[in-house]
Amino acid sequence: MSEMAEARLAAEEASPFPLNEPTYVRIKRAIIRDLFAGVFAPGSPLTIEMLTSRYRVSHMPVREALRQLEGEGVIVSHAHKGFRIAAITDQYIRNVYDIRIGIESLLARRAVEKGTDADFDELVRIHEAFLRDLDAPDRLQATRTNIRFHARLYEIADNPEALQMLEGRTIVVRTFGSNLSGYRDEDRPLVAVEHQRVIDAILARDAIAAGQAIFDHVTQAHERLVERMIKINVIKV
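Residues numbered from 1 in each chain as written. Predicted model: local features only at pLDDT ≥ 70, side-chain atom pairs only at ≥ 80, totals over all residues. Heavy atoms only, no water.

Novice: So what about the pairing of strand S2 (residues 75-78)? Which residues, and what values?
Specialist: Pairing analysis gives 4 bridges linking S2 to strand S3 (residues 82-85), with the strands arranged antiparallel. Within the sheet, the bridge partner assigned to Val76 lies in S3 and is Arg84. Two successive antiparallel strands, S2 and S3, enclose a turn made up of 3 residues, where His80 displays a positive phi of approximately 65 degrees. (Pairing = 2+ DSSP bridges. Helix = DSSP H or I, 4+ residues; strand = E, 2+ residues; numbered from the N terminus.)

Novice: Break down the packing of helix H5 (residues 90-114) against helix H8 (residues 160-178) for me, citing the residues and quoting the values.
Specialist: When two helices pack together, their arrangement is given by the angle between their axes and by how far apart the axes lie. Packing of H5 against H8 brings their axes to within 9 Å, and their N-to-C directions diverge by 145 degrees. The two elements H5 and H8 cross, and the hand of that crossing is left-handed. For the pair H5 and H8, the contacting residues are Tyr92, Ile93, Val96, Tyr97, Ile99, Arg100, Ile103, Glu104 and Leu107 in the first and Ala162, Leu163, Met165, Leu166, Arg169, Thr170, Val172, Val173 and Arg174 in the second. Grouping the amino acids of the contact of H5 with H8 by side-chain chemistry returns 13 nonpolar, 1 polar and 4 charged. (Axes fitted to C-alpha atoms, helices over the stretch in contact; angles between N-to-C directions. Left-handed = near helix turned anticlockwise from the far one by under 90°. Contact = heavy atoms within 4.5 Å. Nonpolar A, V, L, I, M, F, W, Y, C, P; charged D, E, K, R; others polar.)

Novice: Break down the packing of aromatic side chains for me, citing the residues and quoting the values.
Specialist: Applying the stated criterion across every chain, the model contains 1 aromatic pair. Pairing Phe130 with Tyr183 gives two aromatic rings, centres 6.0 Å apart and planes at 80 degrees, and the pair type is edge-to-face. Residue Phe130 is found in helix H6 (residues 117-133), and its partner Tyr183 is found in the loop between H8 and helix H9 (188-203); the two are separated by 53 residues along the sequence. Look at Tyr183 and you get buried, because its relative accessible area is 15%. (Phe/Tyr/Trp six-rings, centres within 6.5 Å; stacked < 30°, edge-to-face > 60°. Buried < 20%, exposed > 50% of the residue type's maximum accessible area, 1.4 Å probe, protein only.)

Dropping the structure here:
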């Protein structure tokens, strides 16, 4: 195995996302990671042949990944000329987070309305693991546990259509976030407080407060992400 292949495999193993995702989803994440890493600059041309060679997959998952990324505004297609990378702007990230905030707040409210004591006990256990993982040597461990907490909370809401919309429209920002190597030291106590407010509202069976706590948490997550992306010149203001 080449050094490049080994590095790519190691990155996939460290990813907070499941390895059993469909191939086209993994290709989407790979394109986004390469955009984040500067392999593809805004305005850069992309061809199916280039991507199949780079990621060592067939044309079909590459076509699907490109189709979805075009729908999400990450790439632009040109007739007979292939695709090019669009500029990722602060406004684009803000728009995606507006979608996240609306859907996740709704799902949090529904989860509190529908959840059982056993559901909430499980969320408490994941929350406690998250607080421990914020201090773990593996800086991505807390990111993985955070994803697990939110996934379980929204699963309790029992709205697969909303979940599908959420995943489809937020894969870009989630992948960018995962590439930032976890939470910054200065952000960890803030994130812990935000999560505690969510769990407190859940245990109080206060659906409105849970929705507001998620609203506040995701809003702050957006501000933190944009600040970091601007610092490393990934997005334009």
